[in-house]
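# What the coordinates show
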Amino acid sequence: MSRGILSSSDWRRPGVRRTARSVHVVLLGLLFLVGMGPMLWLAKAAVTPTQDTLRAPLALWPNGIDWANLSTAWSRVEIDKYFLNTVVLAAGSWFVQLLVATTAGYALSVLRPRYGKALTGIVLATLFVPSVVLLVPLYLTIVNPPLLKASLINTFWAVWLPAGANAFNILIVQRFFDNLPREVFEAARVDGAGPYRMFWSVVLPMSRPIVGVVSVFAIIAAWKDFLWPLLVLPDPDLQPLSVRLPALQRYVELDVFLAALAISTVLPVALFLIFQRLFLKSNALGGAVKG
């Protein structure tokens, strides 16, 4: 029997049951308001004239809906160009992070090198280093990268390559791999599968939940990143939405700017809705947090 504040005998009382359910409904409504309220207001303001937003920000279209805000934001603010830049940056960051996280987690968890525990400790220690401390040395590395004679400034590689150094992704993938059945690996070795074949044909097909979780984390982090793209992509034609929209705010009307913000949030929200089962199902992250 599950335990809680109310006992089973209390739940049998109609008054207690109605009060408890009313409290649950109120708490759920407050949670929805706090979590979804800002996004719903942004969606409303994106198709609301500026004067209506300023005079009655919480009113539902007192003077009608202005759908032209979306088309104006798409063409005048050049959302299409910056949206494409953001997609390219997010896709490259996703690929690099997924490649590094899965291969590093596979090496530390499945291959288990002699100094695997020391390497895991070093990766874990990097989580305690503030990112702002690494900002200057990382920028100098991008300006003058080792083994390359050309600077990576104003190239997408300046965003893609540093994104792979994500210790959190490596550790959660490693913990997930630690809980995969070892019998499968032994059977694959007996059948003659080498390290590369076992990684591609055995480990990855069993790791779809954690791959999906890391993918969502990587794309959302790259989508909202502001400081690093601002530093390494000074050319406005290469900058993503997170950098260009604040710079363009002073040159456009409020309703158009809010419409541009609403457009920029479509993809992250869609990704979360698509992959929400990976966050809500216990077996999706069970291997990553167990142990």
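Structure: see above.
Keep in mind it's a predicted model, so treat the numbers as computed, not measured.

## Topic: the environment of Thr48
In this structure, Thr48 sits in the loop between helix H2 (14–46) and helix H3 (50–55). On the basis of relative accessibility, which here comes to 0%, the residue Thr48 falls in the buried class. The spatial distance from the C-alpha of Thr48 to the C-alpha of Trp160 is 37 Å, given a sequence separation of 112 residues. Those residues within four positions of Thr48 in sequence are excluded, and the remaining contacts are Thr53, Trp61, Asn69 and Asp255. Within the local environment of Thr48, its side chain forms a polar contact with the backbone oxygen of Lys44, the two atoms lying 2.6 Å apart.

## Quick look at the nonpolar core
Ala73, Val77, Ile79, Ala90, Leu241, Leu245 and Ala260 are the most contacted members of the largest nonpolar core, which has 23 residues in total. Elements with a contribution of two residues or more to this core: H2, helix H5 (79–111), helix H12 (208–224), helix H14 (241–248) and helix H15 (254–264). The greatest single-element share of this core, amounting to 7 residues, is contributed by H15. Core analysis: the second largest hydrophobic core is formed by 17 residues, Tyr106, Phe177, Phe185 and Val202 among them.

## Description of unusual backbone geometry
Negative phi values dominate among residues other than glycine, just as trans dominates among peptide bonds. Phi at Trp61 is positive, roughly 50°, even though this residue is not glycine. By the element assignment, Trp61 lies in the loop between H3 and helix H4 (68–76). For Trp61, a relative accessible area of 30% corresponds to the partly exposed category. Even without being a glycine, Leu147 presents a positive backbone phi close to 70°. Among the secondary structure elements, Leu147 is positioned in the loop between helix H7 (135–143) and helix H8 (157–163).

So, how was this worked out
- Residues numbered from 1 in each chain as written.
- Predicted model: local features only at pLDDT ≥ 70, side-chain atom pairs only at ≥ 80, totals over all residues.
- Heavy atoms only, no water.
- Helix = DSSP H or I, 4+ residues; strand = E, 2+ residues; numbered from the N terminus.
- Buried < 20%, exposed > 50% of the residue type's maximum accessible area, 1.4 Å probe, protein only.
- Contact = heavy atoms within 4.5 Å.
- Polar contact = N/O pair within 3.5 Å; in protein donor to acceptor, adjacent residues only side chain to side chain.
- Core = buried A, V, L, I, M, F, W, Y, C linked by side-chain atoms within 4.5 Å.

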